[in-house]
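Summary of the model geometry
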Amino acid sequence: MRLTHDTVSETGLQLFAKTCISISHETKNALAIMKENAGLVEDIYLIADKGVPLDTKRIRSIATRIMDQIGRADSIIDTLNKFAHSMDEIKQRIDIRNLLALVASLSERLVSLSGVTLTVKTDVKPVKITTNPFVLQNLVWLCLNFAMDVTGEAKAVSIAAETWGNGGRIRFTGLKELSGIPAGSFPTKKENALTEVLCAEITTDVEHEELLLILPDGIAKGFAKNRST
Amino acid sequence: MKVLLVDDEEQMVSTLAERLSLRGFEVSWAITGLDALAKVEIDTFNVAVLDMKMPLMSGLELKNKLQAKCPAMKFIFLTGHGSKADFKSAALDIGKEYYLIKPLNIDVLVQKLREVIAI
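Here is a short report on the structure shown in this document. (Residues numbered from 1 in each chain as written. Chains lettered and ligands numbered in written order. Predicted model: local features only at pLDDT ≥ 70, side-chain atom pairs only at ≥ 80, totals over all residues. Heavy atoms only, no water.)

Quick notes on the overall build of chain A
Test applied: Runs of E in the DSSP output that reach at least two residues are strands. Runs of H or I that reach at least four are helices, and both are numbered from the N terminus. For a compact globule the rule gives 2.2 Å times the number of residues to the power 0.38, and the radius of gyration it is set against comes from C-alpha atoms. Relative accessible area decides the class of each residue, using a 1.4 Å probe on protein chains only: under 20% of the type maximum gives buried, over 50% gives exposed, and in between gives partly exposed. The contact rule is simple, with two residues in contact once any of their heavy atoms fall within 4.5 Å. Neither His nor the chain ends is counted toward charge; the positive residues are Lys and Arg and the negative residues Asp and Glu. Charged groups are reduced to one reference atom each: NZ for lysine, CZ for arginine, CG for aspartic acid, CD for glutamic acid.
Per the secondary structure count, chain A includes seven helices and seven strands. Secondary structure elements of chain A, listed N to C terminal, follow the sequence α-α-β-α-α-β-β-α-β-β-α-β-β-α. The globule rule puts the C-alpha radius of gyration for 229 residues at 17 Å, and the 22 Å found for chain A is more than 25% above it. For chain A, with 229 residues in total, the buried portion stands at 45%. Within chain A, residue pairs in contact and separated by at least 24 positions form 77% of the contacts whose partners lie at least 6 positions apart. Treating the 27 positive side-chain charges of chain A as one cloud and the 28 negative ones as another, the clouds have centres 3 Å apart.

Written out as structure tokens, the structure is:
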């Protein structure tokens, strides 16, 4: 059990660190664009001071760009805030669809850098389970990383949540090169530790080129108790 | 002086291009490494200003490809704070280069552009 706890903690910290790097990078980009646009307004006013008529349409267009970037930065900070709040309670009643949307948002930059297109397919009905949302985010993140490595030339992964028995199921599809993965190389120690905490199960389906993460409605009582003390 | 700007943030690179144009530089821009490589097939540039982290092809990978096509081209790298250490490590393999941290100071960029051309 100690090994599981250490692996879970380590994996959680790694996700937290990666998220901070990605979010700070994204925020910096938004700030850099705002700064360039504000600088451009200054440039235009300097030119106007020399007698060139002020182009008000141009100024309005730059203001719109700045507002867009403020909206972008605000959305990035909201995502970080939601992520941090996932640690509020060890056990929470969640809609898996919302969790997938959050993970997709958190991983947007890293997914984009890898050249992969990620699609989150949203079901009409809620897929609610009681689980440890932070640990589940970690597990989804690890599965997504694995999925992105086996997309082949298509470079596209879809994730979807659906009701499964009394709990839920997350499907990662588009795993074109799943058949080439050496036996025993996935799931690794990390995924196994997280699935143990969530009482979850990971299966792969080579024929349908998908990975399935099966989640019960509830988590190991012992772990929840240990983690909260 | 002809400058090629490459950054996957289109609003960043297009605005920066406009500001440099207002300062007398002849500027072209691209949002991917492949776009940039296509530009050097049809035009000649004195300096390339490259974002370090871009999808599919990093700034350092692009620099190596551009240098193979245009040996006289000079380079300036743009980085967020998070990738400064990565740059320093990678720069050991490629020799001394200039890098600037975002958000940029346009006056510093202009100064660096003039410095690299003077080398």
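As for the nonpolar core
All names here are of chain A. Rules: Each nonpolar core is a collection of buried residues, namely Ala, Val, Leu, Ile, Met, Phe, Trp, Tyr and Cys, held together in the definition by side-chain atoms within 4.5 Å.
Core analysis: the largest hydrophobic core is formed by 47 residues, its most contacted members being Leu136, Val140, Phe172 and Leu213. Secondary-structure elements contributing two or more residues to this core are α1 (2-49), α2 (56-85), α3 (96-106), α5 (133-149), β4 (156-164), β5 (167-173), α6 (189-198) and β7 (210-215). With twelve residues, the top contributor of residues to this core is α5. Discounting residues that sit within four places of it in the chain, Phe172 has contacts with Val140, Cys143, Leu144, Ala147, Ser158, Ile159, Glu209, Glu210, Leu211 and Leu213.

A few points about the pattern of salt bridges
Going by this rule: A pair is scored as a salt bridge if a Lys or Arg side-chain nitrogen falls within 4 Å of a carboxyl oxygen belonging to Asp or Glu.
Applying the stated criterion to the full structure yields 19 salt bridges over all chains. Here B:Arg23 makes a salt bridge to A:Asp43, at a shortest N to O gap of 2.8 Å. Here B:Arg23 is found in the loop between α1 (10-22) and β2 (26-30), whereas its partner A:Asp43 is found in helix α1 on a different chain. A salt bridge links A:Arg169 to A:Glu162; the shortest N-O distance between them is 2.6 Å. We classify A:Arg169 as buried; its relative accessible area is 10%.

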